[in-house]
Amino acid sequence: MKLLVGLGNPGLQYARNRHNIGFHTVDEIQSRHGFTPWRDRFQGWVATGTLNGEKVTLLKPATYMNESGRSVGEAMRYFKIPLEDIIVFYDELDLAPAKVRVKTGGGAGGHNGIRSIDAHVGNDYQRVRIGIGHPGHKNLVSRYVLSDFAKADTPWLELLLGSIADAVPTLLKDGSAGFLNELALRQKPETEQPDRLKSVRKKPGLKNSSPVAAEPEMTTRTTGTTPGKKPAGPMAAALKALLSKSRKD
């Protein structure tokens, strides 16, 4: 079994944040590959399915970014999944928007979600780092990652999320080199793609499939914190209406 983890913060107010691109990625994998609906488990939300004939569990920790390792560790221990079969998708400040890099192990790079996972399970798992760009100064980082993607980001973001989701089977089967090569091909204009990759692209948009919307007490990165309370309630329909209105503006 493989465990694919997307990092983010639960709640409607964080749904479109740059910091939530890991959530968006596993949402798109769940949607495109016919996984089960999300359900509460392991201090987060899980969906299950198969890729390349192998069982895969998707996980979105609901512990907030700085405690992501609690959820990952619980799922890992329950399924007895070795570190090499865990892949984590998350935002990377030090990569330009839409750039993707894959590595195994290494430091947390100031990312508190990764720091938490390292502390709970070790660091020899695979990381898919998804570029969101840098605001230019470390004092701006916390506000930047907790801000929404701009409307101008929508075209590259939708293409990127769909491309990653479509190329994930290659990542599991052939490793990072084949995955990154396919990802690059999928992001070219469709007329330049090999016939095997040409398809009608749907536009997923950004969504929050978490069953609750809450304001957390949360630390995002080492540069700042955001305190709050925890009112909750399902808000998927409200978000859908909000995004629909936003695209018409």
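Shown above is the structure to which this text applies.
In this text, all values refer to a predicted model and were calculated from it rather than measured experimentally.

### Some words on the environment of Thr104
So, point 1. Position of Thr104 relative to the elements: it lies in strand E6 (residues 100-104).
So, point 2. For Thr104 and Tyr125, which are 21 residues apart along the polypeptide, the C-alpha to C-alpha distance reads 5.5 Å.
So, point 3. Setting aside residues up to four positions removed in sequence, Thr104 forms contacts with Asp124, Tyr125 and Gln126.

### Some thoughts on the environment of Asp94
So, point 1. Residue placement: Asp94 occurs in the loop between strand E5 (86-92) and E6.
So, point 2. Sequence separation between Asp94 and Gly133 is 39 residues; the distance between their C-alpha atoms is 6.2 Å.

### What about the pattern of salt bridges?
So, point 1. Counting across every chain of the model gives eight salt bridges.
So, point 2. Of the charged contacts, one joins Glu92 and Arg129 as a salt bridge, the two residues approaching to 3.2 Å between their closest N and O atoms. Of this pair, Glu92 sits in strand E5 while Arg129 sits in strand E7 (residues 126-131), placing them 37 residues apart in sequence. Taken individually, Glu92 and Arg129 each receive the classification buried, so the pair is uniform in this respect.
So, point 3. Salt-bridge contacts for Asp118 lead to Arg127; the nearest nitrogen and oxygen are separated by 3.1 Å.
So, point 4. Within the structure, one salt-bridge network assembled from shared partners comprises Glu28, Arg32, Asp166, Glu182 and Arg186.

### Things to note about the pairing of strand E1 (residues 2-6)
So, point 1. Buried residues dominate E1, accounting for five of its five residues.
So, point 2. Sheet topology places E1 next to strand E4 (residues 54-61); four bridges connect them, and they run parallel. Residue pairing across strands places Leu3 opposite Thr57, the latter belonging to E4.
So, point 3. Inspection of the sheet shows E1 paired to E5 by four bridges, in the parallel sense. Directly across from Gly6, in E5, lies its bridge partner Phe89.

Rules behind the numbers
Residues numbered from 1 in each chain as written. Predicted model: local features only at pLDDT ≥ 70, side-chain atom pairs only at ≥ 80, totals over all residues. Heavy atoms only, no water. Helix = DSSP H or I, 4+ residues; strand = E, 2+ residues; numbered from the N terminus. Contact = heavy atoms within 4.5 Å. Salt bridge = Lys/Arg side-chain N within 4 Å of Asp/Glu carboxyl O. Buried < 20%, exposed > 50% of the residue type's maximum accessible area, 1.4 Å probe, protein only. Pairing = 2+ DSSP bridges.

Remember that the coordinates give geometry; whether it matters functionally is a separate question.
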